[in-house]
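# Structural overview
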Amino acid sequence: MRLRYAAKTDVGMKRAHNEDYFSLIEDEKVFLVADGMGGHACGEVASKLSGDVISEFYMHSKDMDATWPYRYDPNLSYPENRMVAAIRLANARIYDAAQKNPNLRGMGTTIVGCMFVGDHVYISHVGDSRCYRINAEIKQLTRDHSLLEDYKDARPDMSEEEARNFPHKNVITRALGMRDTVQVDITKHQVNDGDQFVLCSDGLSGMVDDKTIYKIVREASTLENAVAELIEQANRAGGTDNITAMLIQCNL
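The structure displayed is predicted, hence computed values, not measured ones.

The next subject is the pairing of strand β3 (residues 30-37). Where burial is concerned, most of β3 is hidden: 7 out of the 8 residues are buried. Two successive antiparallel strands, strand β2 (residues 20-25) and β3, enclose a turn made up of 4 residues, where Lys29 displays a positive phi of approximately 55 degrees. As judged from the 8 bridges shared by β3 and strand β4 (residues 108-117), these two strands associate in the antiparallel manner. Paired with Val30 across the two strands is Met115, which belongs to β4.

Relative to the helices and strands, Ile172 is located in the loop between α4 (160-164) and β8 (185-190). Taking C-alpha positions, Ile172 is 29 Å from Glu28, a pair spaced 144 residues apart along the chain. In this structure Ile172 touches Met37, Thr110, Asp128, His145 and Ser146, once residues within four positions along its chain are discounted.

Looking now at the sheet that holds strand β9 (residues 196-200). Reading across the sheet, the 5 strands line up as β1-β10-β9-β6-β7 and stay open at both edges, with antiparallel pairing between neighbours. Since the sheet does not close on itself, it has two edges, and those belong to β1 (2-10) and β7 (138-140), each with one partner. Here the average twist between neighbouring strands, direction ignored, is 20 degrees. Looking at chain direction, β9 and strand β10 (residues 243-251) are connected through 5 bridges and run antiparallel. What sits directly across from Val198, in β10, is Leu247. Those strands touched by helix α6 (residues 210-219) are β6 (130-134), β7, β9 and β10, and its axis lies near 55 degrees from that of β6. This element, helix α7 (residues 223-236), spans β1, β9 and β10 of the sheet and lies at about 30 degrees to β1.

Attention shifts here to the sheet that holds strand β5 (residues 120-126). Reading across from one edge, β2-β3-β4-β5-β8 is the order of the 5 strands in this open sheet, with antiparallel pairing throughout. What marks the edges here is a single partner per strand, and that holds for β2 and β8. Recorded for the sheet is a direction-independent mean angle of 15 degrees between the axes of neighbouring strands. The strands that helix α2 (residues 78-100) touches are β3, β4, β5 and β8; relative to β4, the one it contacts most, it runs at about 160 degrees.

Moving on, we get to the packing of aromatic side chains. Here the structure, examined in full by the defined rule, presents 7 aromatic pairs. Aromatic pair Phe57 and Trp68: ring centres 5.3 Å apart, planes at 80 degrees, arrangement edge-to-face. Residue Phe57 is located in helix α1 (residues 42-60), and its partner Trp68 is located in the loop between α1 and α2; the two are separated by 11 residues in the primary sequence. Just as Phe57 is buried, Trp68 falls in that class too.

Generally speaking, nonpolar side chains in soluble globular proteins are found buried as a group. In this structure, Ile54, Tyr58, Met83, Ile87, Ile111 and Leu176 are the most contacted members of the largest nonpolar core, which totals 30 residues. Where this core is concerned, the elements lending two or more residues are β3, α1, α2, β4 and β5. Among the elements that line this core, the one with the most residues is α2, at 9 residues. Every residue in contact with Ile54, bar those within four places of it in the chain, is listed here: Ile25, Leu32, Ala86, Ile87, Ala90 and Ile111. Of all hydrophobic cores here, the second largest spans 19 residues; its members include Tyr132, Val208, Val217 and Ile243.

Reading the values: rules and limits
Residues numbered from 1 in each chain as written. Predicted model: local features only at pLDDT ≥ 70, side-chain atom pairs only at ≥ 80, totals over all residues. Heavy atoms only, no water. Buried < 20%, exposed > 50% of the residue type's maximum accessible area, 1.4 Å probe, protein only. Helix = DSSP H or I, 4+ residues; strand = E, 2+ residues; numbered from the N terminus. Pairing = 2+ DSSP bridges. Contact = heavy atoms within 4.5 Å. Axes fitted to C-alpha atoms, helices over the stretch in contact; angles between N-to-C directions. Phe/Tyr/Trp six-rings, centres within 6.5 Å; stacked < 30°, edge-to-face > 60°. Core = buried A, V, L, I, M, F, W, Y, C linked by side-chain atoms within 4.5 Å.

Have a look at this one:
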């Protein structure tokens, strides 16, 4: 599989600093977007730490004899175990750093990542940063860990207007650093020739609807133009949060 990608992050129109972070582990075909949270720029620390720790674990676990920090889950494949262990380790490091340093108390981050193995992609996430697949249509491949999603599960008849006006829609129920352990969601998907994947923070998905994301990605002349236009569209809509978009093009 041949992969091309472009990524961009932007502070947005309302925030003083950018707590989003994206990274790539090129030789492992792993792509990551994190959205940090916490006062006094703690979110910046948490989001960058998540990327650094995950990269560190992937390097460490190249050695098949290396000791892992967590027990191997026989219900998951080797790629799934590796990705989940990396994210769980990032959670533990962020939590420990916050406990040891009063200035970092309350910091945390969401994370969404994808890893390409053969003709499949493994998508993992904690929080409300998202992954979309774009081909003939756009499909969200992650489920936000948020109060709004929990409420929608309890109220399947909830209207789009009710969802838009939900008073706690920005409250997330899961993030790295909130507790000493974390549950990581991971799914496996077949990749088809020409598939595109968008990883993004809620600064994009909260400001730009899926239909517009699809239109921008499909009509852009280059991947770089697509991510730039996604950022610009989120800022035109108000840019109330930091905005990060990563676009990955797959050709078999």
